[in-house]
Each structure stands twice: as structure tokens, then as C-alpha cells.
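What follows is the residue order along each chain.
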Amino acid sequence: MELIQETSDLSAYLAADEVIDHHHPLVRDTAARLAKDANDSYAYARLAFEFVRDTIPHSQDSGDLRVTWRASDVLERRTGICYAKAHALTALLRAEDIPTALCYQTFDVVHGLVAVRFDGAWHRQDPRGNKPGVNAQFSLDGERLAFVPDAAAGERDHPVLYAAPPAPVLSALRNAADRPHLWKTLPTTL
């Protein structure tokens, strides 16, 4: 699948906003702590990915009812669904000047992940969190995502690389009273 930038302006994939708040002190401190152990941007990207994947539980897996959506809140509360974890990883990567996009797959509902830009190409990564049957890994040599869509079942990858979360994703997160409510309002399309 060919990934398509929503905008040709690469600086959009480094921008901060209300959701990808990489200027927030907690995001900056976390990025600086991770960067101390990295020799280069590739190593940093892997460390940031593993940090989000492994230390911030997916709220469905952990049973946490709280809904987070802003990157700094995900890092502070240590919980989030796929979209929120993608927002946190995007903020950590952009904090270190690594162009990062939000991207999506559709199963029964829309699933969120990220794409990082290295060596002139985009590489999708899924920080959802591993569990039995799910083994996502950071990779620049082919995708190692949490899930692979089954086209025969109507599942699909979305080729668009977003600089900011699409309205249906952000609306569902912001309007959810708790995770059970969010589960009833997750977008099925973008």
C-alpha cells in the first residue's frame, strides 16, 4: 500500500497542537529521559515506541475505565486506547524532530497507529500494546503491526497520513464519559 501524506508540507508532521502537545513539560521531560539512552534518531524512535507500547497499558487490556486523548494526559495517567497511545508516541517522536503521522486501519471499528519518516520513506508502527496473539514490533524493514486487515472481511488499511487526528477520532475521545461509553461511539469510518 502506498501511504499518502495529507499535506505535502513535512513541517505539519512535526507540529504541536492541543492533542499532540509535545511542548508540554511532561512530554519534553519524557523525551529527554528517553533520548539519554539513544545514540541516534533511529534508536530514540525505537525506545519511544517501546516505552509507549510497554509502559502505558491499553485501557481495554488493563480494565481502566478512564479515557485519555491528549498526549500529555496519556503519559501522566498511563492509560489509553490505540488512538491515545498513538497521540503519545507521536508527541514523543515530534519532540525529537522525527516527522510522525497518525494513520488508521478499519476492522469492526477504526484502529489507530503511527507512521515515522526515515530515509525519505514512511514506516507504520503500532504502539497499541502486546498481549497474547498481538506482537507489534518497531521495524523499518517491513511492518510488524498488531493487526493485519482481512480484505475479504471488509477490513482495510487507510493510506492517508494525518498530521492531526481526524474529527471522528477526536470527537469520540473527547465526548466519552468513560471507556464503556467510548466503545459504543468508536468511529467505524473516517
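About the criteria used
- Residue positions are given per chain, counting from 1 as you read along its sequence in written order.
- Owing to the predicted nature of the model, reporting of local features is limited to residues with pLDDT of at least 70; listing and counting of side-chain atom pairs is limited to 80 or more, with chain, interface and lining totals taken over all residues.
- Heavy atoms from the whole structure form the basis of all side-chain values; hydrogens and water molecules are not counted.
- Relative accessibility under 20% of the residue-type maximum defines a buried residue, over 50% an exposed one, and the middle range a partly exposed one, all with a 1.4 Å probe and only protein chains included.
- Helix and strand assignments come from DSSP, with helices taken as H or I runs of at least 4 residues and strands as E runs of at least 2, each series counted from the N terminus.
- Two strands make a pair as long as DSSP finds a minimum of two bridges between them.
- Put simply, two rings from Phe, Tyr or Trp (the six-membered ring, in Trp's case) pair if the centres are within 6.5 Å, and we call them stacked under 30 degrees between planes, edge-to-face over 60, tilted for the rest.
- Using a grid of 1 Å spacing that covers the protein atoms alone, one calls a set of points a cavity when a 1.4 Å probe fits there but cannot get out, and a pocket when the set is open and has protein on both sides within 12 Å along at least five of seven lines; lining residues are those with an atom within 4 Å of a point.
- Grid points are joined across faces, edges and corners, and a volume is the space filled by probe spheres set on the points.
- The residue classification treats Ala, Val, Leu, Ile, Met, Phe, Trp, Tyr, Cys and Pro as nonpolar and Asp, Glu, Lys and Arg as charged. All others, Gly included, are polar.
- Fitted lines through C-alpha atoms serve as axes, helices being fitted only where they are in contact, and the angles separating the N-to-C directions of these axes extend from 0 to 180 degrees.
- What sets the label is the angle itself: under 35 degrees gives roughly parallel, over 145 gives roughly antiparallel, 65 to 115 gives roughly perpendicular, and the rest give oblique.
- Handedness of a crossing follows from how the near helix is turned relative to the far one, being left-handed for an anticlockwise turn of less than a right angle and right-handed for a clockwise one.
- Here a residue-residue contact requires only that any non-hydrogen atoms of the pair lie within 4.5 Å.

Caption draft 1: The arrangement of the pairing of strand β3 (residues 110–118) in detail. Burial of β3 is extensive: eight of the nine residues sit out of reach of the surface. Here strand β2 (residues 100–106) runs beside β3; their pairing, made up of seven bridges, is antiparallel. Bridge assignment links Tyr104 to a residue of β3, and that residue is Gly112. Counting the residues that bridge the hairpin from β2 to β3 gives three residues. Here β3 runs beside strand β4 (residues 121–125); their pairing, made up of five bridges, is antiparallel. Across the sheet, residue Ala115 finds its bridge partner in β4, namely Arg124. Where β3 folds back onto β4 in an antiparallel hairpin, the turn is made up of two residues, including Asp119, whose phi is positive at roughly 55°.

Caption draft 2: Summary view of the packing of aromatic side chains. Under the defined criterion, the tally for this structure stands at six aromatic pairs. Where Tyr13 meets Trp122, the ring centres are 5.1 Å apart and the plane angle is 65°; that geometry is what we call edge-to-face. Of the two residues, Tyr13 is situated in the loop between β1 (4–5) and α1 (25–35) and Trp122 in strand β4; the sequence distance between them amounts to 109 residues. A residue is classified by how much of its surface remains accessible, and Tyr13, at 0% relative accessible area, is buried. Each ring, one from Tyr104 and one from Tyr162, has its centre 5.7 Å from the other, and the planes form 70°; the classification is edge-to-face. You can see Tyr104 sitting in strand β2 and its partner Tyr162 sitting in the loop between β6 (160–161) and α6 (167–175), a full 58 residues away along the chain. The exposure class assigned to Tyr162 is buried, which follows from its relative accessible area of 13%.

Caption draft 3: Molecular detail of the sheet that holds β2. What the four strands build is an open sheet, ordered β4-β3-β2-β5; its pairing is antiparallel. The open sheet has two edge strands with one neighbour each: β4 and β5 (156–157).

Caption draft 4: Spotlight on the layout of surface pockets. Quantified by volume, the largest pocket comes out at close to 330 Å³. The wall of the largest pocket is formed by 17 residues, among which Phe107, Val109, Val110, His111 and Phe147 lie closest to the centre. Split into classes, the residues belonging to the lining of the largest pocket amount to nine nonpolar, three polar and five charged.

Caption draft 5: Layout of the packing of α1 against helix α2 (residues 41–55). Between α1 and α2, whose axes approach to 9 Å, the crossing angle comes to 125°. Taken together, α1 and α2 sit at an angle that is classed as oblique. For the crossing formed where α1 meets α2, the hand is right-handed. Contacts between α1 and α2 involve Thr30, Ala31, Arg33, Leu34 and Ala35 from the former and Tyr44, Leu47, Ala48 and Phe51 from the latter. Of the residues assigned to the contact of α1 with α2, the class counts are seven nonpolar, one polar and one charged.

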